[in-house]
Amino acid sequence: MEQKLATYFETRPRSAFETRQKEQILYFFSLITLSLSLSLAVLNFLGGANLHALSLVTLSVLCIPLLVLIRTRRYYYTSALLFTLVSMLAVTINIAISGTINDSGIVAYPIVVVSATFLQGRRAALISVLLASASLLAIFLFFVLSDRVSGQDIHFLYMEFATIVMLLCCSAFVAWIIIKNDETNLQMVMSSREELNQSYNQTLESWAKVLEYRDRETEGHCQRVRLLSEWMARKLDLTEKEVRNIGYGALLHDIGKLAIPDSILLKNGALTQEERLIMDKHTEYAHEFLSQIPFLQESIPVAYSHHERWDGNGYPQGLKGENIPIVARIFTVVDQWEALTSDRPYRKAWTEAQAIAYLEKNRGTVFDPRIADVFLDAFRNGELPISRKQGA
């Protein structure tokens, strides 16, 4: 049912942020309805209006499972539709008991229509108007058939009915226009944001190319570690924001090497102890570079901490265990795998079997054992999104 409702009401893709906002508003509406109905029920009971009190208690009881349903965060459209139905039922019962369509009734129906359109989308406007009209018609027939109005008042009742229906149509039309404009404006914002993200990606990929050329990395190394890092992050149930950040960090993980002298960076032989100390500073340079770029702030841990070790013997900070940011722990496994299975100026690529043996041997010392195990299991099951056997 939820999927059918979503398919009908959803006129465009809705972002996770929008959905959360709508859920919070719907939950707030339901909570306010529950609180007000209970309070008014007590007041009506004390005032002797037992039927009103009973209807309000019924309304509050209906709100409880609705609140629980909203909290599941899986049945938004079902919850929104139920809220509309409960609101319409409450107005109908209140008017039927009071015996007259007073000013509060005239205002209540347009409010329900507007709130339904806002919560469920433009297509809910017609449904809510039809529901409200059916509710009014039922009340009208109830008044006439139960002789609750005299013959001379029926004409007045007709006028009230027609007036509210016109108000409903006007309210639905205005709400439809406002939401349509909001959706159009939001779509423009989302398009601009997508274009900006594409520009970010293209810029970062260009930087990654520069790094590969200067460091004589295997072509496509940065793109492959990005793909593997994002895949691993999703496999470990990280949020999409964290997935994006680890991807950016993977592309620029060695940007600090731009500050390393060529005599050290491009040296074919083994580095001396002094040269190694200079080389190790590339993570600190990366932190310094990326700190100047606002949208890369949450990607810094990948570039800054990917040489930390699970046992605390890494650099630059000597972090240990889970004190190492998880994005850095993920990237360390991925980067080592990709580096070992790639040709380098100073050595030939290892076989996959050799690289797997290295990861197994160093899980719990160099690598987070849980993350290493996830990677190893994925390799054994043939789940890795890229393979050295397929080429770069």
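In this report, we go over the structure that sits alongside the text.

Conventions and cut-offs
- Residues numbered from 1 in each chain as written.
- Predicted model: local features only at pLDDT ≥ 70, side-chain atom pairs only at ≥ 80, totals over all residues.
- Heavy atoms only, no water.
- Helix = DSSP H or I, 4+ residues; strand = E, 2+ residues; numbered from the N terminus.
- Buried < 20%, exposed > 50% of the residue type's maximum accessible area, 1.4 Å probe, protein only.
- Salt bridge = Lys/Arg side-chain N within 4 Å of Asp/Glu carboxyl O.
- Contact = heavy atoms within 4.5 Å.
- Core = buried A, V, L, I, M, F, W, Y, C linked by side-chain atoms within 4.5 Å.
- Arc of directions from axis to C-beta.
- Polar contact = N/O pair within 3.5 Å; in protein donor to acceptor, adjacent residues only side chain to side chain.
- Axes fitted to C-alpha atoms, helices over the stretch in contact; angles between N-to-C directions.
- Parallel < 35°, antiparallel > 145°, perpendicular 65-115°, else oblique.
- Left-handed = near helix turned anticlockwise from the far one by under 90°.
- Nonpolar A, V, L, I, M, F, W, Y, C, P; charged D, E, K, R; others polar.
- Phe/Tyr/Trp six-rings, centres within 6.5 Å; stacked < 30°, edge-to-face > 60°.
- Lys NZ or Arg CZ within 6 Å of the ring centre and 35° of its normal.

What follows concerns the overall build of the chain. Each helix and strand in the chain was counted, giving 16 helices and zero strands. Within the chain, buried positions represent 43% of all 392 residues.

This part covers the pattern of salt bridges. Any two side chains of opposite charge can pair, given that their charged atoms come close. Applying the stated criterion across every chain, the model contains 14 salt bridges. With its nearest N and O atoms 3.2 Å apart, the salt bridge here joins Glu230 to Arg226. Of this pair, Glu230 and Arg226 both sit in helix H8 (residues 221-235), separated by four residues, roughly a single helical turn. For Arg380, the salt bridge identified is with Glu360, shortest N-O distance 2.3 Å. Taken together, the positions of Arg380 in helix H16 (residues 369-380) and Glu360 in helix H15 (residues 352-362) put the pair 20 residues apart, joining distant regions of the chain. Relative accessible area serves as the criterion here: at 37%, Glu360 is assigned to the partly exposed category. Linked through salt bridges whose partners overlap, the residues forming this network are Glu205, Arg226 and Glu230.

Inspection of the secondary structure puts Ala53 in helix H3 (residues 50-71). For the pair Ala53 and Leu38, spaced 15 residues apart in sequence, the C-alpha separation works out to 8.5 Å. The contacts of Ala53, once residues within four sequence positions are left out, are Ala41, Asn44 and Phe45.

So, on to unusual backbone geometry. Pro316 follows Tyr315 through a cis peptide bond whose omega is 10 degrees. Even without a glycine there, the phi angle at Asp237 is positive, about 65 degrees. With respect to the element layout, Asp237 can be found in the loop between H8 and helix H9 (240-251).

A word on the nonpolar core. Ranked by internal contacts, the top residues of the largest apolar core, which has 31 residues, are Met232, Leu236, Ile330, Trp337 and Phe375. Every element with two or more residues in this core is listed here: H8, H9, helix H14 (326-340), H15 and H16. Dropping the residues within four chain positions of it, Phe375 is found in contact with Met232, Val333, Trp337, Leu359 and Leu384. Ranked by size, the runner-up nonpolar core spans 16 residues in total, among them Val91, Ala108, Val112 and Leu168.

Our focus in this paragraph is helix H12 (residues 282-290). Every buried residue of H12 is accounted for by His282, Thr283, Ala286 and Leu290. In an axial view of H12, the angular spread of the buried residues amounts to 100 degrees, which keeps them on one side of the axis. Along its buried surface, H12 packs onto helix H11 (273-280) and helix H13 (300-305).

The topology assignment puts His282 in helix H12. Residue classification places His282 among the buried residues on the basis of a relative accessible area of 1%. Within polar-contact distance, the side chain of His282 engages the backbone oxygen of Met279 at 2.7 Å. Sequence-distant contacts of His282, that is, excluding residues within four places in its chain, are made with Asp254, Gly256, Lys257, Ile260, His306, His307 and Tyr315.

With that settled, the discussion passes to the packing of H15 against H16. In contact at an axis separation of 10 Å, H15 and H16 are set at 155 degrees when each is read in the N-to-C sense. Considering the angle they form, H15 stands roughly antiparallel to H16. Two packed elements cross with a definite hand, and for H15 against H16 that hand is left-handed. Contacts from Glu352, Ile356, Leu359 and Glu360 of H15 reach H16 at Phe375, Leu376, Phe379 and Arg380. The class makeup of the residues in the contact of H15 with H16 is five nonpolar, no polar and three charged.

Right, let's get into the packing of aromatic side chains. Two aromatic rings, taken as a pair, are described by how far apart their centres are and by the angle between their planes. Overall, the coordinates contain seven aromatic pairs when judged by the stated rule. Judged by centre distance (5.2 Å) and plane angle (80 degrees), the rings of Tyr76 and Tyr77 are edge-to-face. Considered together, Tyr76 and Tyr77 belong to a single accessibility category, that of buried residues. Here the aromatic cluster, defined as three or more aromatic residues joined through ring pairs, consists of Trp337, Phe375 and Phe379. Positioned over the ring face of Tyr27 is Arg71, at 4.2 Å from the centre of the ring.

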